[in-house]
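Read off the chains here:
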Amino acid sequence: MPTVARWWRDRSDPQRLDLYTRWSFYGWLAMTPLLALLVSGSAEGPASGAGVAAFVGGSAAVAVTTVVLARAWLDARREDRPPARGPLVAAAFAGLVTAALGVLAFAGQEDRTPALSWGVAMPLAMVLTAVTPVWPTRALARWGFGIGGATAAVVLAAGTPFATAAVLAVVLGSAVTGLALAFRFTVWVLDVVVEMERSRAVQAQLAVAEERLRFARDLHDVMGRNLSVIAVKSQLAAELVRRGRDGAAEELADISRVAEESLREVRDVVRGYRGSDLPGELAGARSVLRAAGVDVTVTGDDDAVALPGPVQTALGWVVREAVTNVLRHSRATRCTVELSTDGGTAALRVVNDGVTATAGGGGSGLAGLAERLAATGGRLAAGRDGDRFVLTATVPVGVRV
């Protein structure tokens, strides 16, 4: 049982809904022979044993062909490709033959209307249910009422009064259409959930792209002017040397100074990009996770401001790695980041739901982070807690990095 529970928990919401939708289809369609037996049992008066047996056998064929049809068309919808026509032809043929067998089995009874009407409508309704993943709502409604009308025509030809047949057409048409639309609604819900999952992934990618653009912009602003100065002074120094004039040494000294200044500024930009400022890193985590559609709660911002710079740097690594894992290795809908200080120790705890099979699967990110914290006297603990993933880091407040 724990293995089955983990197998289910490790799947995303769209995957779970896809399984539910599929087995709803398969389970209902597989009940066709049972429904045929119920129709046969409801018959009043003598019925041909061979005819009933043929009807039940045809219902079994309908069950098999409609399950194959539903599976093929659900796969086609998921993969966004045209559905194959072969399974539809086979299921439609089995449904029509079984409906004809129902007429032969139940048309000779005295009170023929109930069993005869269901004997005709039931196999055709199963076929209509199997095509709901692809057919539009209007087509399903037309065919649903068409099945009701065809069934009414059969019972009318068998001697049922016109008024009864007319009421039967409306009732059966509404019932078959409602059944088909109920399954169509399930497919629509699956489409919505899949689209939301895709939008969430796109939001995460956009958040990463926005951060890259910010870094590129900052780097351009810092380096553009300095590199232009270096290029101009290099050309000037080369010209002075070529002409044998004084001043080349001063220009080269200026080039060295500008280069050192540029190196320092690049380090400042990278340090800001890496988020050694813990309050800024916490704010960035809140922004990125919310952009990815995760409901995030961050506590302890005031404690972060009071921590020494080296501790902020160490815990900043933890925040970055934790956010990366949430975005890459989970289907999180909620995440909490808690920072606290107790005596001489700062503790950071990150908890998210939506863990998958790859969460905490021995990647190099957490291993490298544990090594970094160990070098500062800190500790890292990470692992699953039910359907959540918990990452906890502790660093001594007096650490020197």
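This text follows the structure it describes.
My aim in this report is to walk through the structure given alongside it, one point at a time. (Residues numbered from 1 in each chain as written. Predicted model: local features only at pLDDT ≥ 70, side-chain atom pairs only at ≥ 80, totals over all residues. Heavy atoms only, no water.)

### Quick notes on the sheet that holds strand E4 (residues 379-385)
Quick note on the threshold: Whether two strands pair comes down to DSSP finding at least two bridges between them. By the criteria applied, helices consist of DSSP H or I runs no shorter than four residues and strands consist of E runs no shorter than two, each listed in order from the N terminus. Each axis is a line fitted through C-alpha atoms, taken for helices only over the stretch in contact, and angles between the N-to-C directions span 0 to 180 degrees.
In space, the five strands of this open sheet follow the order E1-E2-E3-E5-E4, with mixed pairing throughout. Because the sheet does not close on itself, it has two edges, and the strands there are strand E1 (295-299) and E4. Taking each pair of neighbouring strands and ignoring which way they run, the sheet shows an average axis angle of 10°. Pairing of E4 with strand E5 (residues 388-396) involves seven bridges; the strand directions are antiparallel. Within E5, the position partnered with Ala-382 by the bridge is Leu-391.

### Some thoughts on the pattern of salt bridges
Inclusion rule: Salt bridge, as applied in this entry: a Lys or Arg side-chain nitrogen positioned within 4 Å of an Asp or Glu carboxyl oxygen. Exposure categories follow from relative accessible area, calculated using a 1.4 Å probe and restricted to protein chains: below 20% of the type maximum is buried, above 50% is exposed, and the middle band is partly exposed.
Across all of its chains, the model carries eleven salt bridges by this definition. Between Arg-22 and Asp-18 there is a salt bridge whose closest N-O contact spans 3.0 Å. One end of the pair is Arg-22 and the other is Asp-18, both in helix H2 (residues 13-30) and four residues apart, which spans about a single turn. By the burial criterion, Arg-22 is buried, and Asp-18 matches it. Arg-22 is the salt-bridge partner of Asp-75, the closest N and O atoms lying 2.3 Å from each other. With Asp-75 in helix H4 (residues 49-78) and Arg-22 in helix H2, this pair connects stretches of sequence that are 53 residues apart.

### So, the packing of helix H3 (residues 32-41) against H4
Basically, it comes down to this: When describing relative orientation, an angle under 35 degrees is termed roughly parallel and one over 145 degrees roughly antiparallel, while 65 to 115 degrees is termed roughly perpendicular and anything else oblique. With the far helix as reference, a near helix turned anticlockwise by less than a right angle produces a left-handed crossing, and one turned clockwise produces a right-handed crossing. We call two residues in contact when some of their heavy atoms are within 4.5 Å. Amino acids are sorted into nonpolar (Ala, Val, Leu, Ile, Met, Phe, Trp, Tyr, Cys and Pro), charged (Asp, Glu, Lys and Arg) and polar (every other residue, Gly among them).
Axis separation between H3 and H4 bottoms out at 8 Å; the angle between their running directions is 155°. As far as their axial angle goes, H4 and H3 are roughly antiparallel. For the pair H3 and H4, the sense of crossing is right-handed. Where H3 abuts H4, its residues Thr-32, Pro-33, Ala-36, Leu-37, Val-39 and Ser-40 lie against Val-52, Phe-55, Val-56, Ser-59, Ala-60, Val-62 and Ala-63. Its residues assigned to classes, the contact of H3 with H4 shows ten nonpolar, three polar and no charged.

### Some remarks on the side chain of Thr-129
Among the structural elements, Thr-129 can be located in helix H6 (residues 113-130). Assessed through its relative accessible area of 1%, Thr-129 is described here as buried.

### Details of a nonpolar patch on the surface
Defined as follows: The patch calculation keeps residues exceeding 30% relative accessible area without a salt bridge and links them within 9 Å when they carry like charges or within 5 Å when they are nonpolar (Val, Leu, Ile, Met, Phe, Trp, Tyr). Using the Shrake-Rupley algorithm and a 1.4 Å probe, accessible areas are obtained, with residue cover drawn only from the displayed protein chains.
Residues Met-31, Leu-34, Leu-37 and Leu-38 make up a contiguous nonpolar surface patch of about 380 Å² in total accessible area. With respect to the secondary-structure elements, Leu-37 resides in helix H3.

### Looking at the packing of H2 against H3
At a minimum axis separation of 5 Å, H2 and H3 run at an interaxial angle of 35°. Residue-level inspection shows Trp-28, Leu-29 and Ala-30 of H2 in contact with H3, the latter providing Thr-32, Pro-33 and Leu-35. Among the residues making up the contact of H2 with H3, the classes are represented as five nonpolar, one polar and no charged.

### Considering unusual backbone geometry
If you check the backbone angles, Asp-80 has positive phi at about 55° while not being a glycine. For Asp-80, a relative accessible area of 72% gives the class exposed.

### Thoughts on the nonpolar core
The condition that has to hold: We define the nonpolar core as a collection of buried residues of types Ala, Val, Leu, Ile, Met, Phe, Trp, Tyr and Cys that are connected through side-chain atoms lying within 4.5 Å of one another.
In terms of nonpolar packing, the biggest core is built from 45 residues, with Phe-25, Leu-69, Phe-106, Leu-128, Val-131 and Trp-135 touching the most fellow members. Looking at which element gives the most residues to this core, the answer is H6, with eleven residues. Excluding residues within four positions of it along the chain, Phe-25 makes contact with Ala-70, Leu-74, Thr-129, Thr-132, Pro-133, Phe-183 and Val-187. Leu-282, Leu-289, Val-355 and Leu-369 belong to the second largest nonpolar core, which has 33 residues in total.

### Remarks on the environment of Val-62
Inspection of the secondary structure assignment puts Val-62 in helix H4. With 30 residues separating them along the chain, Val-62 and Ala-92 place their C-alpha atoms 8.4 Å apart. Residues within four places of Val-62 in sequence aside, it is in contact with Thr-32, Ala-94, Gly-95, Thr-98, Pro-123 and Met-126.

### Describing the packing of aromatic side chains
In plain terms, the rule: Centres within 6.5 Å make a pair out of two Phe, Tyr or Trp rings, where for Trp the six-membered ring is used; the pair is then stacked when the planes are under 30 degrees apart, edge-to-face when over 60, and tilted otherwise.
Applying the stated rule across the entire model yields five aromatic pairs. Look at Trp-23 and Tyr-26: their rings are 5.2 Å apart centre to centre, the planes differ by 85°, and that puts the pair in the edge-to-face class. Of this pair, Trp-23 and Tyr-26 both sit in helix H2, separated by three residues, roughly a single helical turn. Residue classification places Trp-23 among the exposed positions, given a relative accessible area of 59%.

Distances and angles like these do not, on their own, reveal function.
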